[in-house]
Amino acid sequence: NNFFKLGLFSQASMMYSEALELQPENAVLYCNRAMAYLKQDMAHEALEDSQRSLDIDSSVGNIKAFWRKSQSLYDLDRFAESEDVADEGLALQPGNQHLNRVR
């Protein structure tokens with residue numbers, strides 16, 4: 001997280017990857033790496049990680065993964081899918097400002 005906070009997104013991605021080798025079922029790590037990928041304009045990779053995160057935990061506690069998946073799809077010009085994912089997240093947490101912005 002320190003690399004991410006410093007804006008060192010490539011290094012953050014590598015650190016999340018190393019952590020995932022130790023904890024491959026950690027939804028938060030996938031979600032965090034997805035954000036680092038989004039910051040590097042790597043939407044395909046972000047989409048894959050956000051989906052992995054949601055496969056592990058699709059509860060309201062992992063609402064950020066819905067936003068990151070929706071944003072990834074939007075960045076890939078898959079607008080209808082992006083809106084569908086935003087709607088899934090909003091069903092869990094109505095009024096989420098990140099998901100409302102993507103919508």
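Analysis parameters
Residues numbered from 1 in each chain as written. Predicted model: local features only at pLDDT ≥ 70, side-chain atom pairs only at ≥ 80, totals over all residues. Heavy atoms only, no water. Phe/Tyr/Trp six-rings, centres within 6.5 Å; stacked < 30°, edge-to-face > 60°. Buried < 20%, exposed > 50% of the residue type's maximum accessible area, 1.4 Å probe, protein only. Helix = DSSP H or I, 4+ residues; strand = E, 2+ residues; numbered from the N terminus. Expected span 1.5 Å × (residues − 1). Contact = heavy atoms within 4.5 Å.

*Asks:* Is there a simple way to think about the packing of aromatic side chains in this case?
*Replies:* In this structure the tally under the stated criterion is two aromatic pairs. Their ring planes at 65° and their centres at 5.0 Å tell us that Phe-4 and Phe-9 sit as a pair that is edge-to-face. With relative accessibility at 23%, the residue Phe-4 sits in the partly exposed group. Between the aromatic rings of Tyr-74 and Phe-79, the centroid separation amounts to 5.0 Å while the plane-to-plane angle is 65°, which identifies the pairing as edge-to-face. Overall, Phe-79 belongs to the partly exposed group, its relative accessible area being 43%.

*Asks:* Is there a simple way to explain helix H5 (residues 63–75) in this structure?
*Replies:* Residues that lie three or four places apart on an α-helix share one face, since the helix turns once every 3.6 residues. Here H5 is 13 residues long and its end C-alpha atoms lie 19 Å apart, about the 18 Å a rise of 1.5 Å per residue gives. Most of H5 sits out of view: 10 of its 13 residues are buried. All of the buried residues along H5 are Ile-63, Ala-65, Phe-66, Trp-67, Arg-68, Lys-69, Ser-70, Gln-71, Ser-72 and Leu-73. Tucked into the core, H5 has its buried residues touching helix H3 (27–39), helix H4 (43–56), helix H6 (79–92) and helix H7 (97–102). Within two residues after H5, Asp-77 carries a phi angle of roughly 60°, on the positive side.

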